[in-house]
Amino acid sequence: MDTTRQYAQSLDAQDSIGHFRARFYIPDEQLVYFDGNSLGRLPLATRERLREAVDREWGHELIRGWDSWIDLARSVGDVLASSVLHVPPGEVILSDSTSVNAYKLAAAALDARPGRGVIVTDDDNFPTDRYVLEGLAKARGLELRVIETDVDAGVDPDRVAAALDDDVALVCLSHVAYRSGAIADMVAITTAAHRVGALTLWDLCHSAGAVRVPLRESGADLAVGCTYKYLNGGPGAPAFLYVREDLQAELRQPIWGWFGRKDQFAMGAGYEPAGSIDRFLVGTPPVLGGYAALEGARITAEAGLDALAAKGAALTDYAIDLAAAWLGDRLTLAGPAQAERRGSHVTFRAPEAWQICQALKAAGVIPDFRTPERLRIGLAPLYTRFADVHEGMTRLREIVDSGSYASFEASLSRVT
């Protein structure tokens, strides 16, 4: 392959969505950012929108601002539904955190399958999902059936199918694995779960804004996801949840707050859930975080998921090819080699991965570390250039070739 910088620049010249980079705040062009799958960059529109919200809407409008704020969670949800997740408006809403949403939807799903005693997940599911499910299983006296998954290859649909029976109430998995980037076969797994009458709950944190999510094609029941990764909603931005429309009236989430009540401003006695996706809300929505999530969703929608997914695949392919050409077996791929089977991050394995990660940060490259011995490189397609990949991988090669990473103490006291 052509490993020259000129080739990377030629790829950038052909990039149909490369111009979106100019719409992000990038104060240091020398910094190579390989962690957009943990926290996205700041869109310029978000900075301006938040200033307006603080100065005009809060500062001048005061309580009158709620005339426009009251429907913000639904407005953001509809943008995510139509342009990011490709489901009908009214099936997605901005709400709480991913962990809280996972709890709400998992509890509602279990209540909708009375008499069933098993929850199915896998040992490579994101920790917060596993912890939430563990807590629900313990509180309700249920079995948490944990499937063994190859952390590099991702969840195996056949293993999921083998774990299913008529006692399974809920199957909860990640669509894109947080470590390896492996994409789960949502269609096959959802079909298998439905065959035994179970509901499915999908974690889309590493999917939304990076790859197409086949919620509609698979008939998936429920999903949760965050907005601060590929959707660039900012640190701590509110999460979203998805509930298929025909299930909404059947499910009742366990946290009954006034924003989820029918006719909330009637302030009536007792709780009667709203007759729409609003019933999965709880309390007053975070307005500033909601605006940030809205702007991030809008720029994602403008770029288009097909273009984003195609560029993400090309960027990760390029990183894998450079690693193979320059580093050989000193850094091995710890995820799917086929672009169609991975999200927009790529993971490499090395015994010294943590030390290499720290050396990269010292050299002006921001990657991520995950156990065991994984160096994770997130290539967010909205603002990452092929030239950035070339430069970051060049610095990585220099660190590995020189052995300079050895000066960093091997410690996992901080694993970010």
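Residues numbered from 1 in each chain as written. Predicted model: local features only at pLDDT ≥ 70, side-chain atom pairs only at ≥ 80, totals over all residues. Heavy atoms only, no water.

Caption draft 1: Summary view of the overall build of the chain. Looking only at helices and strands, one finds 14 helices and 13 strands in the chain. Against the globule reference of 22 Å for 416 residues, the chain gives a C-alpha radius of gyration of 22 Å, in line with a compact fold. Its C-alpha atoms put the chain at 70 × 60 × 40 Å along the principal axes. For the chain, buried positions account for 55% of its 416 residues. Partitioning the contacts of the chain with sequence separation of at least 6, the portion at a separation of at least 24 is 73%. Working note: accessible area of the chain is about 16900 Å², and carbon and sulfur atoms make up 52% of it. Side-chain charges in the chain split into 42 positive and 56 negative, and the spacing between the mean points of these groups amounts to 3 Å. (Helix = DSSP H or I, 4+ residues; strand = E, 2+ residues; numbered from the N terminus. Rg over C-alpha atoms; globule rule 2.2 N^0.38 Å. Buried < 20%, exposed > 50% of the residue type's maximum accessible area, 1.4 Å probe, protein only. Contact = heavy atoms within 4.5 Å. Areas by Shrake-Rupley, 256 points an atom, 1.4 Å probe, with all protein chains shown as cover. Lys, Arg positive; Asp, Glu negative; His and termini not counted. Charge placed at Lys NZ, Arg CZ, Asp CG, Glu CD.)

Caption draft 2: Broad picture of a nonpolar patch on the surface. A contiguous nonpolar surface patch, about 510 Å² in accessible area, is contributed by Val54, Trp58, Leu62, Ile63 and Leu288. Overall, the relative accessible area of 31% leaves Val54 in the partly exposed class. (Patch = residues over 30% accessible without salt bridge, like charges linked within 9 Å, V, L, I, M, F, W, Y side chains within 5 Å. Salt bridge = Lys/Arg side-chain N within 4 Å of Asp/Glu carboxyl O.)

Caption draft 3: Quick look at the sheet that holds strand E3 (residues 118-122). A sheet is described by the order of its strands in space; here seven strands give the open sequence E2-E8-E7-E6-E5-E3-E4, paired in mixed fashion. The open sheet is flanked by strand E2 (92-94) and strand E4 (143-147), the only strands paired with a single partner. Strand-to-strand twist across the sheet, computed as the mean angle between neighbouring axes with direction ignored, equals 20°. As paired elements, strand E5 (residues 168-174) and strand E6 (residues 199-203) share five bridges and run parallel to each other. Looking at E6, one finds that Leu173 is bridged to Trp202. (Pairing = 2+ DSSP bridges. Axes fitted to C-alpha atoms, helices over the stretch in contact; angles between N-to-C directions.)

Caption draft 4: Fine view of the pattern of salt bridges. Enumeration according to the criterion identifies 32 salt bridges in this entry. The partner of Asp388 in a salt bridge is Arg385, with the nearest N and O atoms 2.9 Å apart. Using a relative accessible area of 28% as the deciding quantity, one classes Arg385 as partly exposed. One network of salt bridges, in which partners are shared, links Arg21, Glu29, Arg385 and Asp388.

Caption draft 5: Examining the packing of aromatic side chains more closely. What the rule picks out here adds up to eight aromatic pairs. Summarising the aromatic geometry, the rings of Trp66 and Trp69 are spaced 5.2 Å apart at their centres and angled 85° between planes, so their arrangement reads as edge-to-face. Of this pair, Trp66 and Trp69 both sit in helix H3 (residues 66-69), three residues apart, roughly one helical turn. Assessed through its relative accessible area of 8%, Trp69 is described here as buried. Centroid distance Trp256 to Tyr271: 4.8 Å. Interplanar angle 10°. Geometry classified as stacked. Of the two residues, Trp256 is situated in the loop between helix H10 (245-248) and helix H11 (287-303) and Tyr271 in the loop between H10 and H11; the sequence distance between them amounts to 15 residues. On the basis of relative accessible area, Tyr271 is assigned to the buried category, the value being 19%. These aromatic residues form a ring-pair network of at least three members: Tyr7, Tyr318 and Phe386. When the ring centre of Tyr291 is taken as reference, the NZ or CZ atom of Arg49 above it lies at 3.8 Å. Cation over ring: Arg397 sits above Trp326, and NZ or CZ is 4.1 Å from the ring centre. (Phe/Tyr/Trp six-rings, centres within 6.5 Å; stacked < 30°, edge-to-face > 60°. Lys NZ or Arg CZ within 6 Å of the ring centre and 35° of its normal.)

Caption draft 6: Representation of the side chain of Ser344 in the model. Inspection of the secondary structure puts Ser344 in the loop between strand E9 (332-333) and strand E10 (345-349). Owing to a relative accessible area of 2%, Ser344 belongs among the buried residues under this scheme. Separated by 2.9 Å, the side chain of Ser344 and the backbone oxygen of Leu379 make a polar contact. Setting aside its immediate chain neighbours within four residues, Ser344 contacts Ala210, Tyr230, Gly312, Thr316, Ile377, Gly378, Leu379 and Pro381. (Polar contact = N/O pair within 3.5 Å; in protein donor to acceptor, adjacent residues only side chain to side chain.)

Caption draft 7: Summary view of the nonpolar core. If you look at the biggest cluster of nonpolar residues, it comprises 89 residues, and the most contacted ones within it are Leu85, Leu170, Val171, Trp202, Leu204, Leu215 and Val243. The contacts of Leu204, once residues within four sequence positions are left out, are Leu85, His175, Met186, Val213, Leu215, Ala223, Val224, Gly225 and Phe240. Grouped together as the second largest cluster of nonpolar side chains are 34 residues, Ala323, Trp354, Ile377 and Val400 included. (Core = buried A, V, L, I, M, F, W, Y, C linked by side-chain atoms within 4.5 Å.)

Caption draft 8: Seen up close, helix H13 (residues 353-362). Most of H13 sits out of view: eight of its ten residues are buried. Regarding H13, the residues found buried are Ala353, Trp354, Gln355, Ile356, Cys357, Gln358, Ala359 and Leu360. In this structure, the buried residues of H13 make contact with strand E11 (365-366), strand E12 (368-370), strand E13 (374-378) and helix H14 (386-402). Gly364 lies just past H13 and shows a positive phi near 85°.

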